[in-house]
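Structural overview
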Amino acid sequence: MRQCGFLWEMINKGVWYIHKSMGANNRRIRRLIVDLLWENGPMTKERMADLLSQHRSVKVIPSPHTLSALLSKNTQVIIVGSEKIENIVGVKSAHAIYDIDRELIKSTEDIIFTRSPSVATPKEKQRMVKCDECGRNRVFPKGAEKCLHCIRCE
Ligand SMILES: [Zn+2]
């Protein structure tokens, strides 16, 4: 019984560890997605999967389902259109084209200013301030008294 309890504890710890590392991996991929959109322009989820698979730092490529979730959950990413793609048997389907919000993100620095706490690095999280105008937690541009969302909205 005692051994069983010990094993159970190890399993629990293991599961917790896997959850934790998956969270960090997805956070990293969500940041990378924004960088790739910034550098390469609007693209479909399939093209994004291609670019991620070519990226050295990505060890586990997210499934198409996970990738959709990562793209749609990211507040810096928007859908800008769709593309008709014909598959091998000639069936056409519409694939969403994603891009970063370019009204909001106009320089590489802006990428950091628009990151939500859920995608930020621990260091960025430490620099975050709650915006008085909109309540978002963001890293503020130097000398600014409100977040970039509020600055750009004016
Ligand atoms: Zn704000």
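Here, the structure is the one placed above.
Not measured: the values here are computed from a predicted model.

The rules we used
- Residues numbered from 1 in each chain as written.
- Predicted model: local features only at pLDDT ≥ 70, side-chain atom pairs only at ≥ 80, totals over all residues.
- Helix = DSSP H or I, 4+ residues; strand = E, 2+ residues; numbered from the N terminus.
- Contact = placed C-beta atoms within 7 Å.
- Core = buried A, V, L, I, M, F, W, Y, C linked by C-beta atoms within 7 Å.
- Buried ≥ 20, exposed ≤ 12 C-beta atoms within 10 Å, placed from the backbone.

Moving on, we get to the environment of K146. Within the fold, K146 resides in the loop between β5 (137-138) and α6 (148-153). When the C-alpha atoms of K146 and D132 are compared, they prove to be 6.8 Å apart, with 14 residues separating the residues in sequence. Leaving out residues up to four positions away in the same chain, K146 has contacts with C131, D132, E133 and I151.

This part takes up the nonpolar core. Judged by nonpolar contacts, I29, I33, V34, L37, M48, L70, L71, Y98, I100 and I105 together constitute the single largest core of 10 residues. Secondary structure elements with two or more residues in this core: α1 (2-40), α3 (64-73) and β3 (92-100). Here this core gets four residues from one element, more than from any other, and that element is α1. Those residues in contact with V34 that lie beyond four places of it in its chain are N74, Q76, V77, I100 and I111.

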